[in-house]
Structure formats: C-alpha cells, structure tokens
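Read off the chains here:
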Amino acid sequence: MSTETDDEQVTRWAHRAGRGDQQAAAAFVRALQGPVWRFLAHLAGPAEADDLTQETFLRALRSLPGFAGRSAARTWVFTIARRVAVDHVRAATARPRVAALPDWQAAAEAAGAVTPGGDDAVTLRGLIAGLAPERREAFVATQVVGLSYAEAAQVCGCPVGTIRSRVARAREDLVAAWQGDARPARRGSRVV
C-alpha cells in the first residue's frame, strides 16, 4: 500500500471516529501508534515515549469531532505529538533536577551503561539525541518516521526550505559526531 493510500485510509478512519465509530477509532490509533511512538522516542527519549504517545492519542481522540481534514490525519497527529513533546520538555525543564552523583557520565561508563564502540544503533540514537532540538525534530520526522518534507514542515510549523536546511545540517552534524568530531559540521552555522 502506498503512503498516499495509507494517508487516505487513516483520514477516513479519523472522520468516522470523529462521528463516534469506535472500530474506526481503534484502527486509527493502531495505524499511527508505532510511528508516533518512534517520533516521540527520538524527541523526548524512549523512557518517555509510552506516556507521551498515550497523551498524543488522548488529545487527538478528544479533538477528532472537530478534525476538518485540511491536512492528512497522519500529519495532524504528528503535529499534536510535537506539541505534546514540547509541553513535556517545558514541564521537565521547569522542574529542578538533582543529581546524586557528581559525575554521572563516569558512573554510567563504569556500570557498563555507556560503552565506547558499542552497539551502533545505541550510538546513533545518542547522536540523534545530541542534535539541536529543531534539527532533531526535522531529521526524525523525515528520516526516521518517513514524513515528506512538506508534511514535516506542517508538523514543525515552518517552511519546507527550513526543514530541508535543518535535515541537511543534522546530517552534517551526525557525520561529524560519528567520526568523533565534537565540533559542528560548519563553523559559525546557526541553528535553523
């Protein structure tokens, strides 16, 4: 099935769910739950993704009766997921954090939680997490979740060109970080 066909079906389920069809609501959630979880795991972390995915769908299901279908339901849900992640980060940064260990990085390495030269997937996840938030958001939306640049632009609330720029810069940052270069790929480049 093509993404366009999938989007059309998901949007039909969204409209039917908005009119009270419980089976359509279940199909709608099933179709988007995995991609939304992956998106949120990269934005806020895997430990938070379950709760944030649940919050995303709670918000979406409450709002379905008003869903006008001006965009695909998938894009609409990713926009909600992004807002949920932003709200989560805002709330988390408002709370003070206390570290029990003075050097948590050394303690994590000693415990084997961080292994230099370890699993590439874990390393890549860490590198993605280290991207500037705007770049991470654009990169994850397009390269991990598979949204088009236009859909990612809608989700992130910026022009398509900005998404393209953020993804390109994220790629450069990831290559530099993968090669062990802690400096940004371009000196003096600003976060877009």
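Since the structure is predicted, the reported quantities are computational estimates derived from the model, not experimental observations. (Residues numbered from 1 in each chain as written. Predicted model: local features only at pLDDT ≥ 70, side-chain atom pairs only at ≥ 80, totals over all residues. Heavy atoms only, no water.)

### Here we look at the packing of helix 7 (residues 133–144) against helix 9 (residues 160–178)
Turning to step 1, where the next piece is worked out: One can describe the packing of helix 7 onto helix 9 by two numbers: an axis separation of 8 Å at closest approach and a directional angle of 100 degrees. Taken together, the axes of helix 7 and helix 9 are roughly perpendicular relative to one another. Across the interface between the two elements, E134, R135, A138, F139, T142 and Q143 of helix 7 pack against I163, R166, V167, R169, A170, R171, D173 and L174 of helix 9.
Turning to step 2, where the next piece is worked out: Looking at the contact of helix 7 with helix 9 residue by residue, the classes come out as six nonpolar, two polar and six charged. (Axes fitted to C-alpha atoms, helices over the stretch in contact; angles between N-to-C directions. Helix = DSSP H or I, 4+ residues; strand = E, 2+ residues; numbered from the N terminus. Parallel < 35°, antiparallel > 145°, perpendicular 65-115°, else oblique. Contact = heavy atoms within 4.5 Å. Nonpolar A, V, L, I, M, F, W, Y, C, P; charged D, E, K, R; others polar.)

### Focus on the packing of helix 2 (residues 22–44) against helix 3 (residues 46–63)
Turning to step 1, where the next piece is worked out: Direction vectors running N to C along helix 2 and helix 3 enclose 140 degrees, while the axes themselves pass 8 Å from each other. Here helix 2 is positioned oblique relative to helix 3, judged by the angle of their axes. As for how helix 2 packs across helix 3, the hand of that crossing is right-handed. Counted together, A25, F28, V29, L32, Q33, V36, W37, L40, A41 and A44 of helix 2 and P46, E48, A49, D50, L52, T53, T56, F57 and L61 of helix 3 form the full contact between these two elements. (Left-handed = near helix turned anticlockwise from the far one by under 90°.)

### Side note on the pattern of salt bridges
Turning to step 1, where the next piece is worked out: Considering all chains together, one arrives at eight salt bridges under this definition.
Turning to step 2, where the next piece is worked out: Among the salt bridges present, the one from R74 reaches E151, with a minimum N-O distance of 2.8 Å. With R74 in helix 4 (residues 73–94) and E151 in helix 8 (residues 149–156), this pair connects stretches of sequence that are 77 residues apart.
Turning to step 3, where the next piece is worked out: For R74, a relative accessible area of 11% puts it in the buried group.
Turning to step 4, where the next piece is worked out: On the basis of relative accessible area, E151 is assigned to the buried category, the value being 12%.
Turning to step 5, where the next piece is worked out: Residue R90 is joined to D87 by a salt bridge in which the shortest nitrogen-to-oxygen separation is 3.7 Å. (Salt bridge = Lys/Arg side-chain N within 4 Å of Asp/Glu carboxyl O. Buried < 20%, exposed > 50% of the residue type's maximum accessible area, 1.4 Å probe, protein only.)

### Describing the environment of R136
Turning to step 1, where the next piece is worked out: Checked against the element boundaries, R136 lands in helix 7.
Turning to step 2, where the next piece is worked out: Take R136: its relative accessible area is 13%, and that puts it in the buried class.
Turning to step 3, where the next piece is worked out: Sequence-distant contacts of R136, defined by excluding residues within four places in its chain, comprise H42, L43, I128, A129 and L131.
Turning to step 4, where the next piece is worked out: Polar side-chain contacts of R136 include one of 3.1 Å to the backbone oxygen of L131. (Polar contact = N/O pair within 3.5 Å; in protein donor to acceptor, adjacent residues only side chain to side chain.)

### Focus: helix 2
Every α-helix winds through 3.6 residues per turn, so residues three or four apart in the chain are directed the same way.
Turning to step 1, where the next piece is worked out: Q33 marks the point of greatest bend in helix 2, at about 45 degrees, and the proline P35 comes within the next four residues.
Turning to step 2, where the next piece is worked out: The backbone nitrogen of Q23 has a side-chain oxygen 3.0 Å away, supplied by the residue at the start of helix 2, namely D21. (Bend = angle between axes of the 7 residues up to and from the residue.)

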